[in-house]
Structure formats: structure tokens, C-alpha cells
Amino acid sequence: MNFVLWCRRCSLSVNGPAKSLLLVAVVATVAGCGREDIQVYTVPKEQVKAAVAQSPVPSMTPPKPRPQVTWTLPKGWQETGAGQMSVASFSIQGEGNTEAQVTITPLTQLAGRDAEIVNMWREQVGLEALNREEALKQFEKVEVGGEPGNLFQIEGKPDGQSAPARIITAMVHRPDASWFYKLSGDGEVVAAQKPVFIEFLKSVRLKEAPMAASAPVPVDAGADAGPASGFKPNWTVPAQWKEQAAGQMQIARFAVPERSGAKAEVSVSVFPNDTGGTLANVNRWRRQIGLPEVNESELSSLVTPLDPANPGAILVDMTSSSKKMLGAVVPRNGSYWFYKLQGDTGAVAPEKEAFVAFAKSKP
Amino acid sequence: MLARLVKIFSSLRLTVVLLALGIILVFIGTIAQADEGLYQAQERYFKHWWVWGITMFGYKIPLPLPGGYLIGTLLIVNLIAAHIKRFQLTTKKLGIQLTHIGIILLLVGQLTTDLFSRETQLRFSEGEAKSWSESSMDYELAFVTDADPNSEKVVAVPQSVVAGGGEIKSPDLPLTLRVKEYWRNSEPLFRAPMQTNAPPLTMNGVASSFDFRQLPVTHTMEDKNVPTAVIELASGSGPLGTWVVSGWSADDIMLSAVRGSYARQMGREMAETLVTRLSQKQSVEVAGKQYSFAFRPTRAYKPFSLTLLKATHSVYPGTDIPKDFRSRVRVQNPAKGEDREVDVYMNSPLRYAGLTFYQYQMAAGEMAAQSGDIPSSTLQVVRNPSWLTPYAGCVIVAAGMVIQFMIHLVGFISRRKAA
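These numbers come from a predicted model, not from an experiment.

A.B. asks: Got a sec to walk through the overall build of chain B? Specific residues and values, please.
C.D. replies: Counting its regular elements, chain B contains 11 helices and 18 strands. A burial count over chain B gives 29% of its 419 residues as buried. Taking the intrachain contacts of chain B between residues at least 6 apart in sequence as the baseline, contacts between residues at least 24 apart amount to 58%.

A.B. asks: I'd like a rundown of the packing of helix α2 (residues 12–36) of chain B against helix α3 (residues 38–46) of chain B, residues and numbers included.
C.D. replies: Residue and element names in this part refer to chain B. Here α2 crosses α3 at 145°, and the two axes come no closer than 8 Å. Our pair here, α2 against α3, has a crossing hand that is right-handed. Touching L25, I28, G29, A32, Q33 and E36 of α2 are L38, Q40, A41, R44, Y45 and F46, all from α3.

A.B. asks: Before we move on, could you go through the environment of M254 of chain B and cite the residues and values that matter?
C.D. replies: Residue and element names in this part refer to chain B. Mapped onto the secondary structure, M254 falls in helix α8 (residues 252–266). For the pair M254 and V226, spaced 28 residues apart in sequence, the C-alpha separation works out to 8.5 Å. Other than its neighbours up to four places away in sequence, M254 contacts V226, G247 and W248.

A.B. asks: Which residues make up the sheet that holds strand β7 (residues 99–107) of chain A, and what values go with them?
C.D. replies: Residue and element names in this part refer to chain A. Pairing is antiparallel across the open sheet formed by seven strands, whose spatial order is β5-β6-β7-β11-β10-β9-β8. The outermost strands of the open sheet, each flanked by one partner alone, are β5 (77–79) and β8 (140–144). When strand polarity is set aside, the average angle formed by the axes of neighbouring strands in this sheet is 25°. Taken together, the seven bridges between strand β9 (residues 147–156) and strand β10 (residues 165–173) define a ladder with antiparallel strand orientation. The partner of Q153 across the bridge, within β10, is I168. Lying on the sheet, helix α5 (residues 187–203) is in contact with β6 (88–93), β7, β8, β9, β10 and β11 (178–186); it crosses β11 at an angle near 150°.

A.B. asks: Go over the nonpolar core, please, and point to the residues and values.
C.D. replies: Residues A328 of chain A together with V245 of chain B are the most contacted members of the largest nonpolar core, which totals 71 residues. Every residue in contact with V245 of chain B, bar those within four places of it in the chain, is listed here: L141, A229, I231, F293, A294 and F295 of chain B. Formed by 29 residues, the second largest nonpolar core is a distinct cluster that contains L183, V190, F200 and V204 of chain A.

A.B. asks: Go over the environment of Q159 of chain B with me, naming the residues and quoting the values.
C.D. replies: Residue and element names in this part refer to chain B. In this structure, Q159 sits in helix α6 (residues 159–163). A residue is classified by how many C-beta atoms lie within 10 Å of it, and Q159, with 23 of them, is buried. Setting aside residues no more than four positions away along its own chain, Q159 makes contact with D138, Y139, E140 and P227.

A.B. asks: Give a description of the sheet that holds strand β16 (residues 303–307) of chain A that names residues and reports values.
C.D. replies: Residues and elements named next belong to chain A. An order of β13-β14-β15-β19-β18-β17-β16 is seen for the seven strands of this open sheet, with the pairing classed as antiparallel. This sheet does not close on itself; its edge strands, each paired only once, are β13 (242–244) and β16. Ignoring which end each strand starts from, the neighbouring axes of this sheet average 25° apart. Where strand β17 (residues 310–319) meets strand β18 (residues 323–332), six bridges bridge the pair, whose relative direction is antiparallel. Residue pairing for β18: V316 is matched across the bridge by G327.

A.B. asks: Got a sec to walk through helix α7 (residues 278–288) of chain A? Specific residues and values, please.
C.D. replies: Residues and elements named next belong to chain A. Looking only at α7, the buried set comprises N281, V282 and W285. One face of α7 carries all of its buried residues, which in axial projection span an arc of 95°. Elements that come into contact with the buried residues of α7 comprise α8 (296–302), β17 and β18. Looking one or two residues past α7, G290 carries a phi angle of roughly 75°, positive in sign.

A.B. asks: Describe the confidence of the model for chain B, naming the residues involved and giving the relevant values.
C.D. replies: Residue and element names in this part refer to chain B. On average, residues of chain B score 86 in pLDDT, and 94% of them are at 70 or above. Note on residues 193–197: pLDDT under 50 across the span, and 16 contacts to partners over four residues away in sequence or across chains. Among the prediction metrics, the complex's ipTM stands at 0.75, with pTM recorded as 0.53.

A.B. asks: If you had to explain the packing of α2 of chain B against helix α4 (residues 68–86) of chain B to someone new, which residues and values would you point to?
C.D. replies: Residues and elements named next belong to chain B. Remark: α2 packs on α4, axes separated minimally by 10 Å, with the N-to-C direction vectors making an angle of 155°. Between α2 and α4, the angle is such that the two are roughly antiparallel. For the element pair α2 and α4, the recorded crossing hand is left-handed. Where α2 approaches α4, its residues L14, T15, L18, L21, G22 and L25 are matched on the opposing element by G68, I71, L74, L75 and N78. Partitioning the contact of α2 with α4 into residue classes produces seven nonpolar, four polar and no charged.

A.B. asks: Account for the pairing of β7 of chain A, with residues named and values stated.
C.D. replies: Residue and element names in this part refer to chain A. In terms of burial, β7 is a largely internal element, seven of the nine residues being buried. In terms of strand pairing, β6 meets β7 through six bridges, oriented antiparallel. Bridge assignment links S89 to a residue of β7, and that residue is T103. The antiparallel hairpin formed by β6 and β7 contains five residues in its connecting segment, where G96 sits at a positive phi of about 65°.

A.B. asks: How would you summarise the environment of G68 of chain B if you had to cite specific residues and measurements?
C.D. replies: Residues and elements named next belong to chain B. By the element assignment, G68 lies in helix α4. Classification of G68 as buried rests on a count of 24 C-beta atoms within 10 Å. For the pair G68 and Q42, spaced 26 residues apart in sequence, the C-alpha separation works out to 9.3 Å. Setting aside anything within four residues of it in sequence, one finds G68 in contact with L25, Y45, F46 and K47.

A.B. asks: Tell me about unusual backbone geometry, and please be specific about residues and values.
C.D. replies: Residue and element names in this part refer to chain B. The phi dihedral of A287 falls on the positive side, at around 50°, and the residue is not glycine. Here A287 is to be found in the loop between β12 (282–286) and β13 (289–315). Even without being glycine, A353 reaches a positive phi, approximately 50°. Among the secondary structure elements, A353 is positioned in the loop between β16 (350–352) and β17 (355–363). What makes A353 exposed here is the crowd of 12 C-beta atoms within 10 Å.

The rules behind the values
- Residues numbered from 1 in each chain as written.
- Chains lettered and ligands numbered in written order.
- Predicted model: local features only at pLDDT ≥ 70, side-chain atom pairs only at ≥ 80, totals over all residues.
- Helix = DSSP H or I, 4+ residues; strand = E, 2+ residues; numbered from the N terminus.
- Buried ≥ 20, exposed ≤ 12 C-beta atoms within 10 Å, placed from the backbone.
- Contact = placed C-beta atoms within 7 Å.
- Axes fitted to C-alpha atoms, helices over the stretch in contact; angles between N-to-C directions.
- Left-handed = near helix turned anticlockwise from the far one by under 90°.
- Pairing = 2+ DSSP bridges.
- Core = buried A, V, L, I, M, F, W, Y, C linked by C-beta atoms within 7 Å.
- Arc of directions from axis to C-beta.
- pLDDT = per-residue confidence, 0-100.
- Parallel < 35°, antiparallel > 145°, perpendicular 65-115°, else oblique.
- Nonpolar A, V, L, I, M, F, W, Y, C, P; charged D, E, K, R; others polar.

Structure, rendered in C-alpha cells:
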């Protein structure tokens, strides 16, 4: 018997009486060789994948529009953003290293299961379950954003934790979901924050989300497909600007006249939202021309209103050592139009008037 | 010469040296995981013949060490050689013989597990049927073309071959690819309209919408190395252009992460648009046939299919704490005329065709409903042909020790009685 092993980097031939002893080593060499070879095979066509590829969002059911939540932030609370399930969360620092958290979480299919909910919470802190009657006795009435709700409090020692934990939960069953407002954490911090929490609950407002928020925005098709899709705004372009092929996610691009070698160009894009807010946009633009970022308080000195007829429209004028950028964000019909004139200062400055007029004109 | 070799390989001194080296290797390999990460440390220290240079407490030390394969193989050789040399067919040594056979079985079993076991993942959405699972670590550059109306031919170039660079040819592929750049880890950057970007890597396909940037190779368990390559394609009739192929474009898990990240920044519709662009199909035409290509996670095809009927992910109300993960799957094997439904859930895997399907991850329930996603489930698919050998080895070792002990005990009692 002759063992022959081959791969792209090595070959080994073993013969003779030592073969049985070397068999293991030979087998092990397969792994040591480390280089795989090209595989060729035939498989059935992928039906599901093909179907998905035909349409960009076929497998997605539109998300249910959730009401938008607003609140008055109590003193000493810090917003920590949305979580996987929660739409908002807050952190409260107590004395020493103690802290508590507040979360706002909408959950469906829980209406009418109040006793079960109380017991689930009790289970979290290692308390035994109560019967239905006892569980419902835990509730006290509370006002949440003008709606009647129930509040209950649980204190216990969760498994594996040394400090006792306290949870105060308010819940309101609404047609869209059951909304849970939970204050939990260090027992003393939670106790001290209870009156603040109840005031916070009163300040909460749920505003029904407009249906358009989950429906495709009309301009999205234009923004997505670009000029090639046939989306052409009906606007008046300054005569001296020359239209260029639009880049990715742009609906138009223009070159402004070159002046003594100084060049600049105008680009226009449309997004279904403000892509992170004014501060984020301005700082991104500042980075593009080599300027340091600014904070919220410095922002107001940079931003000027663009158009008295459109109060949300803003203009930003920024200049670095050799570059200049004019940026405009104009909300129109639920979408955001971004205009940018960027390039060498010598080419940008003379075009400011034309750029402002262009950004103000309704496409 | 042979006698000398047999003497060396069968010596107890060698056993002690090898065991000592094994202890040192396990110690250093364990410490190195802090710097090199679990996967690389396992690979470098235990799945190689030699370790060229070690890492301890953040310091690289140029110290060569015998690797796990070398120590394990020499231990087996040592044990077998000692057995052959000192073998005595007597009932007095039966327990020792059995114990040694058990140890050999354990060593061989570990080696075969290491060589032949394979872990992949099967990720599917409700209603989706799949006859393949994919690697969570390795990628392949797959060229796919129609073989007939119902099937397609795949030529899959492993990541290691792409990483080797240069020109790659296959007799089954009517085109040549040349690897211009290869990055083991990378990230995609959307060529946003309001940002100034450098010229694209190429204007073809996904590169016209996305830039890709090389990232340092990661060794942590939380991160994943996602490769990207810039390749030039050419057929006999001329060049077919420069293309960017990236794991980001064809790995559903990474696409899902990108979608979530963009959705938080720009909203869901825009995120979907960007992900569609990132995952756009890239293809070239050669001699009238379309060849699509993607750098996708390495696939392992099965002769049967699994369909996810229902993914159940329940959490305790008001918390993210999971209560139950459960996948109702349909197993269809046309070759055996099999069509049945089965539940896969925590601690209750499906064992089928030499594979074990464990419930691994899930995106279902309230969270999926809120984000508008179809519930999906991921099963860990484990193929380990020698999974029984550790059990058998341990039983044999235990039996051997018990027998040897009993032989001594009976002998001792007999001698006392005689006295």
C-alpha cells in the first residue's frame, strides 16, 4: 500500500514497513498544508434569493408607525438614547456610585395581562408570584401624559446581586401598544426619584406618527436612482452654471465658472430626513474643508435663515484657508433638500448670490 | 539505527518530556489568547506543528515551540511504540493495556475531530428554504453561471487562494482573475453626496456607490474580519474590468448590521436603499454566458433542505431577557422521500444526516415586529464524525483502571488469605 498525499504546496510519498506508524502523521499533514483548492459543483438555483433580488424591499413589511414621544427632562436625568426594545432611556446618578435608569418601552399583546406583568417583574427581583387578586392590589393610579395609567412598585434582591433593587413601573394600555415606563436601580436612588418620576410621567406626550413616516417618500425614488431615472426638477439654473453628470445619491451637479484657476461645484441631493440634524451636517461639511468641529452653542453663529418664506431652511457659509463652502438645507414636502457649493474660495464667493437664489427657488 | 529509533520513541523519558511540553504549550497558548484572540491562538499554538514566536502579556518573544499537532502526534507514536515494545499478552496487564488503548483513542479522536469536524451556520427567514449552511469565519469568491434551467454551476475560490494573490485560473472558468489588492479585514464607506471622497477604487458595480478601506485584522470574539479584494477579470477576448468584491456585499449577517446602522442614522427607507446598493449583483458576460461573482461566506451544501416555518422568540415582558428560542423547521429529503416537521430549541438540537443543528440566534418576536423584519433564525450546524470517540475513550480508560485495580485487589486479598 502506498500513501500519496498532494496539495498545492507539498507532496509526500511513504512506502514500506513504517507506513502504519506514519499514517497518523500523514493524515495530520493534510491540515498542516493549509491551502485549499478551488471547488466546482452544481446546485439547484436559489429561488428565494432570486425573488428577493428583483425588488429592493420585498421582504419587508412596513413597520407599524409608533407614536412619537416627547417629555420634559427632569433635572439630574441624562438621556441615554433608545435601546433594542425601548424608545428612550435615561440615567440618573445617585450619591457615590449608585444609579438608576428609566426606560420607555412599548410592547404589544399585553393588554389584559396586568397580573401576569406584575409577577414577571417580581420574578426579576427574586420574589414569589402573587395570585391575581393580590397582584392587582399592587396598582396605584397615575397620570401618564394626560391618560390614566397604573403604577406598581417592587423591591427585592435579584439573583447574583448583593444590593437590593427597586423597580417602579407605570403602564398605559393604548390601542397601538402597552407603554411601560420603568424606573429601576439602586433602592435609595429609586425611592428618592419617585416624585420626580411621577412628574416626568405627567410631562410625557405621545403624538401619533404621520403615516408618511413609514411610507416611501416620493423624492426617494429620485434620490435613489439619480438623474438617470428621469427625475428632473423644474428649476431655473443660473445661466453661468454648467450641468454635470450627477454623482451617487445626487439629483444634480453643476460646475460654476472657473476664475483664475479657482474651481468649485454645486451639488443637490434629497433625503427623506435631515440625516442627523443641523449640527451633524455642519460639522461634516466643516471637516470636508479642513475646519474643526463646532458645538451646539457655536452653531448659532454659523447658521443663518435662508428664506423667510420657509422658516426651516438654513444657510451656512464657511471658509478655511483656501476652500469655501456654502451649504443649504431646505425642508420641502416632508423631505430635505441639500444644496452645496464647494471649492476654491475665489470661485465660490462670487457665486453666493446665485447659489442662495437657486436654493430658495422651488424646484 | 532502527533499534535506536525504537528505543527513543518508546522511552518513558520522551513521554515525560512531551507531557511537560504539552503543559507549557497549553499555558502559553492560554495566556496568548488575551493578545491574539481565541481563534488565532487556537490555530497558531494548537493546530500547527511548530509555533514560531510566542506572545505573552503584550510582548512578542522569538521563542520556537513544538505545536499541538507535533506534541500530540509524538505522544501517540510514543504510546504505540512503547506498547509494541513492552506488550505482554497476560491477564495481569489487561487493565493497563485497556487504559492505554483508551488514551490512544482519546488522542486519535481529538485529532480526527480537529481535522474533520466543521461548524457552519444556517440562517433563514420564515418561509425560506435552504439546502446550505455557511461558515462564520471563512469566505469564498464564488463565480456562478446557469448550468441548465434549474441548476447553476459554482466555481468557488477559497479565501486563502485569493489571499495568496497573483493570477488565478480554473479549467472550469472561462476567465482569469488577477488579485490587485486583498484586505483580510475591511469596512465599507458609502460615497455620500455631501462628502468629499477620493476617486472610487473602480467605477464598476458596488465600487461606484461604496468605498472600501483596509482595517487592521481583529482577534476579538466580538468582531469579525470581513475581507475585500480588488480583482481584474479577463477572458480570452479581452479585459472584463476591475471589480471590488467584498464580504460586506454577500454576507447576510454583515448586511443586516449595515442596515441597522444606517437605519439609526438616516431612517429605514434610506438604509434599505443603501443596503440594496451594497449587495447589488455583479456579473460579467463571457461567450454569451453571464457569470455573477461574490465574495460570500464559504458554503456547505446538503442533499436535503430545511424550511423555517416559524421562529418563536419570546422574552419576559418589559425586558430583553429571552424566555424561549424555538424554530419550527421542515426537513425535506427528496432522495429518501422524507418530509417532516421538527422543533429545534435550546438544548434540543436536530440530529440529521450526520449533522447536528443547534438553535443559535434569532431575530423574531417583538423586536422583529417593531423593526418590520420578517422573523429569522440561525442554526449552528455541526459535523463531527468522531463525536463518540471521547466517550468511548473515557469508558475504556475507566474500565482499564477498574480492571487493573481489581486485579491488584484480588491478588492482595489472596496473598493475605494465604498468609
